[in-house]
Every structure is written in C-alpha cells, then in structure tokens.
Amino acid sequence: MNQPGSTPAKDKEKTTKDYASYFQTTYQPPSLKDAKKRGKEQINIVKDFAVDEDLKKIGAGKKFYIRTYGCQMNEHDTEVMAGILSDMSYEATTDMKEADLILLNTCAIRENAENKVFGELGHLKPMKVENPDLLIGVCGCMSQEESVVNKLLKTYDQVDMIFGTHNIHRLPQIVKEAYFSKERVVEVWSKEGDIVENLPRVRKGNIQGWVNIMYGCDKFCTYCIVPYTRGKERSRRPEDIIEEVRHLARNGYQEVTLLGQNVNAYGKDFEDIEYGLGDLMDEIRKIDIPRVRFTTSHPRDFDDHLIEVLAKGGNLVEHIHLPVQHGNSDILKLMARKYTREHFLELAGKIKNAIPNASFTTDIIVGFPNETEEQFQDTLSLVKEVEFDAAYSFIYSPREGTPAAKMKDNVPHEVKKDRLQRLNAVLNEISLRKNQAYLDTVVEVLVEGESKKNPEVLSGHTASNKVVNFRGPKHLIGKIVKVHITDAKTWTLSGDLADEKAGVV
Ligand code: SAH
Ligand code: SF4
Ligand code: F3S
C-alpha cells in the first residue's frame, strides 16, 4: 500500500511513462506525519543506478548550476546531483546567468535558512521570464515539508521541479518530465528511505572528500526538523564505506570526512552484525590516507570503544565536534537530548583524558521556549568549563511539525538576541585564548587553496581543525606542510612556512 505522499514501492519496474500519469493523477504533498513513522518499511540497498540510454544526451550543449544551502550532507548530495547531471551530458557552470538548469538544494533547519531560499527564488523570477526554457528546481530538506511545497505551488510559479532528499536518484526522470510536460513536476517521498550505493559523483576538488556512513536520524530532538526531512537512521555497510575511502586514498585525497547526522548511532540498525563507529574507525585507521574526520557526534551514543580507537591517533584527527545544545539538564530533557549536563561533562572529561590534545567544537541553542536567565547561565558556565575551541550558536527557531513548536514561549526575541550576544562574547574569548596557545609552535597544515581574502596567501586546516593562513608557493596546495605560528586571532592562525625546502612532510 502506498502512503499518501509516497511513491509506488517498486519504482524500478515502472517506466517513465507510468510516472507521467502518476504525477498528473496521484500527486500528494509530502507528509510530515508519514515522515515521522519508523520501522514499518524495509530499507533497501540499491546498487543498480543507471541513467537510461534515452536520457544520456538530454543535457548535451546545456549547463547546470546548483546552489547549496545547509550542512555537509547537502553539500555532498550536490556532488551526487552534479554526477548524475554530468552523466546526462550537462556541463557545470559557476555563472548562474548562463545556466539552462538551476537547482536550489535547500536547508530547513531554521527559518532564516528557508527565507534565503525564498529570497533567491524571487531573484530567479526575472531570469525565468527572460528565458522560459530555463528549468528551475527546488530540492533538499525544504522540499520535504508540506508547508513549503504548498507555498511553492501557490506563489512561486517560476519553479518547474520540486523533489526531495529520498529520490535524488530519480533526477534524470524528473528533469525529463519537466522538459516534456507542461505541468510542474513534484516528486517528494515521505518515507523512511533507502540506500542507493552506486550513484555517480563529481566531487568538489581532489584534496578533501565526503563519505556518507549513514543517512537519516531517529533522535527526534524536539526542536529539530531533520528526522522528518531525512528519514530513518540507516547505515551503509562497512565494506561499501571502506571501499569508497580506499578509492579516495588511491586517487590522492588527503582527507576524508565521514558523514551522518548522528554518526555515533552507526551500525545500530544492522541486524546481522554487531558493528559500531569504533569498529569502523578502527578499520579506516589502517587505510593510507593522512586525515580522517567524522561529523556529527551525539553525546548520548559516544561509547568507550570509540574513545579507545580515537586515542590510537594516526590518521584519526584529534578534533571532536560534540554538540551540547544546552547547559541545563531540564532544558536538555525538554529538548529530548537524552543526556544531562553531568553526563556531557563526564564524557568531555573522559575524551580529554584519553586524547589530551583533542580540540572540541560544539553547537548551542539559546532561547529554547521558556528558557530562564538562570538556565541560560548554565549554558555559559558549561561553555567555560569545557572550553570549546569554537562553537556554532543559534537562536531557537520554531519548526512547524516539531514538538517544540507547540510549546508556549514566554521569552521575548530581544532577550534571546541579547543571550546570543553574551554567549558569543564568552565563546570568542575562549577561542582567542585557545588559539593564542598555538603561538610560536609548529603545526601541520593541509593546504586547501588560496585564502578567500587574499590570493597571495594560502589557507588550510590543522588536524585539530584550526584555520591557518600563510604565504607560500601554489604548488603546495593539496600537500601537508609545517607552519610556524606567528599570529593568533579568534577564528584564524597565521604564520610562515617552517622550512620552505623541507616544508612538505
Ligand atoms: N545532527 C546534528 C545537528 C544537525 S543540525 C546534531 O545532533 O548535533 C545543526 C545544528 O542546528 C544543531 O546542532 C542545532 O544546534 C541547530 N538547530 C537544529 N534545529 C534548530 C532549531 N529549530 N533552531 C535553532 N537551531 C537549531
Ligand atoms: Fe536533529 Fe537531534 Fe537528529 Fe541532530 S540528533 S539531526 S539535532 S534530531
Ligand atoms: Fe539543513 Fe537538511 Fe542539513 S535541514 S542542516 S540541509 S539535513
């Protein structure tokens, strides 16, 4: 049986023609209620993705442009869509004005993220009027929301295609449909999600690569939209991940970042093997690639085995992004984070003991409904106690359909803004102090490219994830070099090549 908003289960057996009639007759908007369901659907691992013969040339002579909003997961989805479009003979462009196909890969995490997309669509309208053949698509997390799809259908007629996070692999059929039908194409699946293994990718650069280790999230933190937009937690098989990391290593990549919304839950959905993130990291440690990162961790599932493996060091970098969200246990409970302040402090202490040079970063929300000044002070005191190297801080933004959005809130926006400023002042003071500790030391930097501000300057990261700027020849891009730190600011370090001749290590 199809749930409303879902698509026929055996889509592989359907032809594009079948879909044409499906769109016109059975389209239903996405359903957050359906997206919330867990455990009813079988997760399929699909390995037979291929662009149909008749669609392989559909983009010949045409250009595409994808604008990406949101997290690394979206950035990586964009690489997949670029791969699929390339297989359809489209060419990438960095100039939106010369594109024949524009995709906005959207983020729904906070209201301002959504507003940016609606603003951009406003800018695109005149382009569409000027060039009616231009195809405009909205995909990513916003497309999974009923209210957004309804708004797009009602007021944004410049949009030709709307598709979600579960059916990126259907891009060829969706584009074809948009070219040949006069109707707008809306294909969003409100389901738990599958794993499609063999999608093509055009990666951004050849120095750092992203590797999904799992998809979705089952945590349902009460403020968060992600479990609804990304489906159920589902882990890729270790052998598929290891093969992808090996492939990147063979191709000269210097760094991989393993991706998931809650990577510490990796493997919990396997029914046949007992295998977790610690086991995976222990295997990836042996692959000949200089740096391995992972994001995002959830404090609740961060286990001792993982700490033990990370403490072995080697290519496993000493940077841990561990979002705490809040410093007060009552608020953490209302957020459904399922850990207390004490548990978080204990975990941070345990990691610091095992990995003494570890750098810590975090995410923090201020102004959760009814947060008192005292509760906010608990966030400040936790930040001072843990001494995060850096943090992303946000004002709580109600997301329609989430439990927190139904909570009455007595905190005025001005108070929330003031709390954010006070929090940032404390965070910045700590970041500066932490960075100053690097003065006059020599660090290893993976050179990622020219600095955005000054092309004369090269820029990269330390293993501990500090940005380092220094002057040096361009041929160092993609290498790991030693830099002597001479200046430390809140966000960046700068210095000189430690030994220009022997600089490459
Ligand atoms: N899976 C990651 C977070 C992904 S979203 C984790 O659990 O840590 C990135 C960050 O956005 C979150 O850590 C949280 O701090 C913030 N965030 C999520 N929903 C939000 C909301 N409704 N309002 C404000 N910030 C939010
Ligand atoms: Fe959102 Fe919580 Fe899942 Fe992170 S763990 S994606 S904050 S629901
Ligand atoms: Fe945004 Fe979706 Fe990522 S809501 S943060 S793009 S998972």
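Below is a summary of the structure that appears in this document. All values derive from a computational prediction rather than experimental measurement.

**Thoughts on the site of ligand 3**
Then, number 1: Close contacts around ligand 3 come from Cys 71, Asn 74, Cys 107, Ala 108, Ile 109, Cys 141, Val 226, Arg 230 and Gln 261, and that covers them all.
Then, number 2: Class assignment for the residues of the shell around ligand 3 results in six nonpolar, two polar and one charged.
Then, number 3: Split by domain, the shell around ligand 3 shows at least three residues from each of two domains, domain 1 (9-187) and domain 2 (195-436).

**A short note on the site of ligand 2**
Then, number 1: Taken together, the residues surrounding ligand 2 are Cys 217, Lys 219, Phe 220, Cys 221, Tyr 223, Cys 224, Val 226, Pro 227, Gln 261, His 298 and Arg 337.
Then, number 2: Of the residues belonging to the shell around ligand 2, the class tally is seven nonpolar, two polar and two charged.

**Here we look at unusual backbone geometry**
Then, number 1: Here the residue pair Thr 295 and Thr 296 is connected by a cis peptide bond, since its omega of 5 degrees sits within 30 degrees of zero.
Then, number 2: Its identity is not glycine, yet Gln 325 carries a phi of approximately 70 degrees, on the positive side.
Then, number 3: Gln 325 gets classed as buried once you look at its relative accessible area, which sits at 8%.
Then, number 4: The backbone phi angle of Glu 387 is positive, close to 55 degrees, even though this residue is not glycine.
Then, number 5: Residue placement: Glu 387 occurs in the loop between helix H13 (373-386) and strand E16 (390-395).
Then, number 6: For Glu 387, a relative accessible area of 26% corresponds to the partly exposed category.

**Here we look at the pattern of salt bridges**
Then, number 1: For the structure on display, the rule yields 34 salt bridges.
Then, number 2: Measuring nitrogen to oxygen at the nearest pair gives 3.3 Å for the salt bridge that ties Asp 157 to Lys 125. Here the residue Asp 157 occupies a position in the loop between helix H5 (146-155) and strand E6 (161-163), and Lys 125 occupies one in helix H4 (residues 111-130), the gap between them amounting to 32 residues.
Then, number 3: Taking the shortest distance from any N to any O, the salt bridge between Asp 272 and Arg 237 comes out at 3.0 Å. With Asp 272 in the loop between strand E12 (255-259) and helix H9 (277-284) and Arg 237 in the loop between strand E11 (234-235) and helix H8 (238-250), this pair connects stretches of sequence that are 35 residues apart.
Then, number 4: Residue Asp 272 is classed as exposed on the basis of its relative accessible area, which comes to 55%.
Then, number 5: Through salt bridges with shared partners, one network takes in Glu 371, Glu 373, Asp 418, Arg 419 and Arg 422.

Cut-offs applied
- Residues numbered from 1 in each chain as written.
- Chains lettered and ligands numbered in written order.
- Predicted model: local features only at pLDDT ≥ 70, side-chain atom pairs only at ≥ 80, totals over all residues.
- Heavy atoms only, no water.
- Near = heavy atom within 4 Å.
- Nonpolar A, V, L, I, M, F, W, Y, C, P; charged D, E, K, R; others polar.
- Domains from an automatic or database assignment.
- Buried < 20%, exposed > 50% of the residue type's maximum accessible area, 1.4 Å probe, protein only.
- Helix = DSSP H or I, 4+ residues; strand = E, 2+ residues; numbered from the N terminus.
- Salt bridge = Lys/Arg side-chain N within 4 Å of Asp/Glu carboxyl O.

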